[in-house]
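Results of the structural survey
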Amino acid sequence: MNRMEIISVAAESYRTSEAFKSLRTNIQFSGTDIKCILVTSCMQDEGKSFISIELAKSLSEIGKKVIVVDADMRNSETIKRYKIESQNPVGLSQYLTNQASFENVLFKTQYENLHIVLSGIFPPNPVELLCTEKFKEFLVKCRQEYDYVIVDTPPLGVVIDAAVIAQNCDGAVLVIAAEKIKYRLALSVKKQLAKSNCKIIGAIMNYTDSKGFIKKKYEYGYYRHHSGDGRGSVFSIFRRKKPENTDNIKTEEDKV
Ligand SMILES: Nc1ncnc2c1ncn2[C@@H]1O[C@H](COP(=O)(O)OP(=O)(O)O)[C@@H](O)[C@H]1O
Ligand SMILES: [Mg+2]
């Protein structure tokens, strides 16, 4: 199998791993039928890819076999974050156009039980590819071989891809960058996601700081209306001014 090394911005900080342990626990409690999880957001750079990888790492630490599928075929940055030990790496877009086999697109990582599928080169018709039987079959194969399938997607406030992908997932989490995303935009993206009949597991508030933490009560009420059936969860992944200082990342979990 191909191999790559994930270069993690979160390193092995205690607080970060605690943050993702809380998230992991909540995912586990969201039901045994929740196996294929979509991660989306309103806009670019809200932390979807970061959260997808860290969540997957956290699940793999407890012995779960996890695969992260980078389904952002339009604008994936993730290939730059990996040290890939393959001359000509292929990904999802090549698989969906019959240019690569399932085995060809699987990458092992330095974390046992954590595999990755890259997005592949930008195809002219990403939505069409995501609507195919081939994509459905791809996720079925992933489900058969892994305990969790985490699907990292493009921002739903910008392109429709995540809503199409959601039709084949069991649950979705909406990443929201604190103080960046307007209430109305978050609401319209949540509505769009709900149309796909995929359960909205909850929202993850990213880039919050200690100020955001104090405003917790407000966030609590704010998101209650956003968590689908009222049983979703809100997490805050804290980051203070210097993101490179991973000691500053911590989390607070609220059951809604
Ligand atoms: N909580 C966080 N702590 C530290 N760095 C973060 C955090 N969330 C995101 N980042 C960093 O911010 C940048 C944008 O995040 P990314 O996951 O690529 O966003 P998206 O996939 O939504 O476009 C990346 O460099 C990522 O590593
Ligand atoms: Mg991304």
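Please refer to the structure higher up on the page.
Residues numbered from 1 in each chain as written. Chains lettered and ligands numbered in written order. Predicted model: local features only at pLDDT ≥ 70, side-chain atom pairs only at ≥ 80, totals over all residues. Heavy atoms only, no water.

Re the side chain of Ser119
Along the polypeptide, Ser119 turns up in the loop between strand S6 (114-117) and helix H5 (126-130). Relative accessible area serves as the criterion here: at 8%, Ser119 is assigned to the buried category. Excluding residues that lie within four positions of it along the chain, Ser119 makes contacts with Asp70, Asp72, Met73, Ser76, Gly91, Leu92 and Ser93. (Helix = DSSP H or I, 4+ residues; strand = E, 2+ residues; numbered from the N terminus. Buried < 20%, exposed > 50% of the residue type's maximum accessible area, 1.4 Å probe, protein only. Contact = heavy atoms within 4.5 Å.)

Side note on the nonpolar core
Ranked by internal contacts, the top residues of the largest apolar core, which has 43 residues, are Val69, Leu92, Phe138 and Val151. Considering every element that reaches this core, the biggest residue donor is helix H7 (residues 161-166), with five residues. Sequence-distant contacts of Val69, defined by excluding residues within four places in its chain, comprise Leu92, Val117, Phe138, Cys142, Val149, Ile150, Val151 and Asp152. (Core = buried A, V, L, I, M, F, W, Y, C linked by side-chain atoms within 4.5 Å.)

Some remarks on the environment of Cys169
Considering the arrangement of structural elements, one finds Cys169 in the loop between H7 and strand S8 (171-177). Taking relative accessible area as the criterion, Cys169 reaches 8% and is therefore assigned buried. The spacing of Cys169 and Ile34 is 135 residues in sequence and 8.3 Å in space, taken between C-alpha atoms. Not counting residues within four places of it along the chain, the set of residues in contact with Cys169 comprises Cys36, Leu38, Arg143, Val151 and Cys198.

Details of the packing of aromatic side chains
In this structure the tally under the stated criterion is four aromatic pairs. With a centroid separation of 5.7 Å and 70° between ring planes, the pair formed by Phe102 and Phe138 is classed as edge-to-face. Taken together, the residues span a long stretch of sequence, with Phe102 in helix H4 (residues 102-105) and Phe138 in helix H6 (residues 133-145) at a distance of 36 residues. Neither residue differs from the other here; Phe102 and Phe138 are each classed as buried. Grouping aromatic residues by their ring pairs yields a cluster made of Tyr95, Phe102 and Phe138. Taking NZ or CZ as reference, Lys65 lies 4.8 Å from the ring centre of Tyr146, over its face. (Phe/Tyr/Trp six-rings, centres within 6.5 Å; stacked < 30°, edge-to-face > 60°. Lys NZ or Arg CZ within 6 Å of the ring centre and 35° of its normal.)

Overview of H6
A rise of 1.5 Å per residue sets the reference length of H6, with its 13 residues, at 18 Å; its end C-alpha atoms lie 19 Å apart and thus fit the reference within 8%. Among all positions in H6, only Phe135, Phe138, Leu139 and Cys142 are buried. Across the axial projection of H6, the buried residues extend over an arc of 90°, all falling on one side. Away from the buried face of H6 by more than 90 degrees, exposed residues Glu133 and Gln144 are located. (Expected span 1.5 Å × (residues − 1). Arc of directions from axis to C-beta.)

Any functional reading would require information that these geometric values do not contain.
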